[in-house]
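Architecture and fold: a report
These are the residues of each chain, in order.
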Amino acid sequence: MVGRDRLFDIAAKVISRSPAEQTEITMMVDDLWLTRFAHNEIHQNVNETDVRVAVRVVLGNRAATVTTGSLDVGAIHAAVERACAQARLLPGDPDFAGLPATGEAPSL
């Protein structure tokens, strides 16, 4: 299981090195477990951790998103670099106001 503190630490390291004006990182980690029984005994017990990291960068009024399946800081930083390269190729959107301001998410 990947802890919340580790995810925040990874995100902080990547964002601090980002060349973009704005950087957003969304991390999703799923721990999946399966146990099969046959004749009242455990027949198979497996677990899997699935990781999805989406990086969105903003350069002026251009934004791009790249995803990766790794929590490695280097892999996520490479995704930031790819997103920046893609954003540079996009036409600008004059109506794009940027990413939302930092703050607490509203409660549901």
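Here the structure is shown first, and the text comes after it.
Residues numbered from 1 in each chain as written. Predicted model: local features only at pLDDT ≥ 70, side-chain atom pairs only at ≥ 80, totals over all residues. Heavy atoms only, no water.

1. Details of the overall build of the chain
Here is the rule we go by: Each helix corresponds to a stretch of at least 4 residues labelled H or I by DSSP, and each strand to a stretch of at least 2 residues labelled E; elements are numbered beginning at the N terminus. All radius of gyration figures rest on C-alpha atoms, and the globule criterion is 2.2 Å times the number of residues raised to 0.38. The buried label goes to any residue with under 20% of its type's maximum accessible area, the exposed label to any with over 50%, and the partly exposed label to all in between, with areas taken from a 1.4 Å probe on protein chains only.
Each helix and strand in the chain was counted, giving two helices and three strands. Along the chain direction, N to C, the helices and strands of the chain fall in the order α-β-β-β-α. Rg of the C-alpha trace for the chain: 18 Å, well past the compact-globule value of 13 Å for 108 residues, more than 25% over. For the C-alpha atoms alone, the extent of the chain along its principal axes is close to 65 × 30 × 25 Å. For the chain, with 108 residues in total, the buried portion stands at 27%.

2. Regarding the layout of surface pockets
As a reminder, the rule being used: Site definitions follow a grid-based scheme: protein atoms alone, a 1 Å grid, a 1.4 Å probe that fits but cannot get out for cavities, and for pockets an open set with protein on both sides within 12 Å along at least five of seven lines, plus lining residues having an atom within 4 Å of a point. Grid points are joined across faces, edges and corners, and a volume is the space filled by probe spheres set on the points. In the scheme used here, Gly and all other residues not listed as nonpolar or charged are polar, with Ala, Val, Leu, Ile, Met, Phe, Trp, Tyr, Cys and Pro taken as nonpolar and Asp, Glu, Lys and Arg as charged.
One number sums up the size of the largest pocket: a volume of about 320 Å³. Residue lining of the largest pocket: R4, L7, F8, A11, I15, I25, T26, M27 and M28, and that is the complete set. Elements that contribute at least two residues to the lining of the largest pocket include exactly α1 (4-17) and β1 (22-38). No other element matches α1, which puts five residues into the lining of the largest pocket. Grouping the constituent residues of the lining of the largest pocket by class yields seven nonpolar, one polar and one charged. In this structure, the second largest pocket encloses a volume near 280 Å³. Residues belonging to the lining of the second largest pocket are distributed by class as follows: three nonpolar, four polar and one charged.

3. Things to note about the pattern of salt bridges
Under the convention used in this document: When a carboxyl oxygen of Asp or Glu lies within 4 Å of a side-chain nitrogen of Lys or Arg, that pair is called a salt bridge.
All chains considered together, the criterion is met by four salt bridges. For the salt bridge of E24 with R56, the shortest nitrogen-to-oxygen distance reads 2.9 Å. Here R56 lies in strand β2 (residues 41-59) and E24 lies in strand β1, a separation of 32 residues in the sequence. When its relative accessible area of 28% is taken as the criterion, E24 is described as partly exposed.

4. Regarding the side chain of T23
The test is simple: Residues are treated as being in contact if the distance between any of their heavy atoms lies within 4.5 Å.
Tracing the sequence through the fold places T23 in strand β1. Apart from the residues within four sequence positions on either side, T23 is in contact with I15, S18, V55, R56, V57 and L99.

5. Structural notes on the environment of D5
For D5, the position within the fold is in helix α1. By relative accessible area, D5 is classed as exposed at 65%. A C-alpha to C-alpha distance of 28 Å links D5 and A63, two positions 58 residues apart in sequence.

6. Brief notes about the pairing of β2
What counts here: Two strands are said to pair when DSSP picks up at least two bridges between them.
With 17 bridges connecting them, β1 and β2 associate as antiparallel partners. If you follow D30 over to β2, its bridge partner there is D50. Sheet topology note: the β2/strand β3 (residues 62-68) ladder contains seven bridges and is antiparallel. The residue bridging V55 from the neighbouring strand is V66, located in β3. Counted between consecutive antiparallel strands, the loop separating β2 from β3 contains two residues, among which G60 sits at a positive phi close to 65°.

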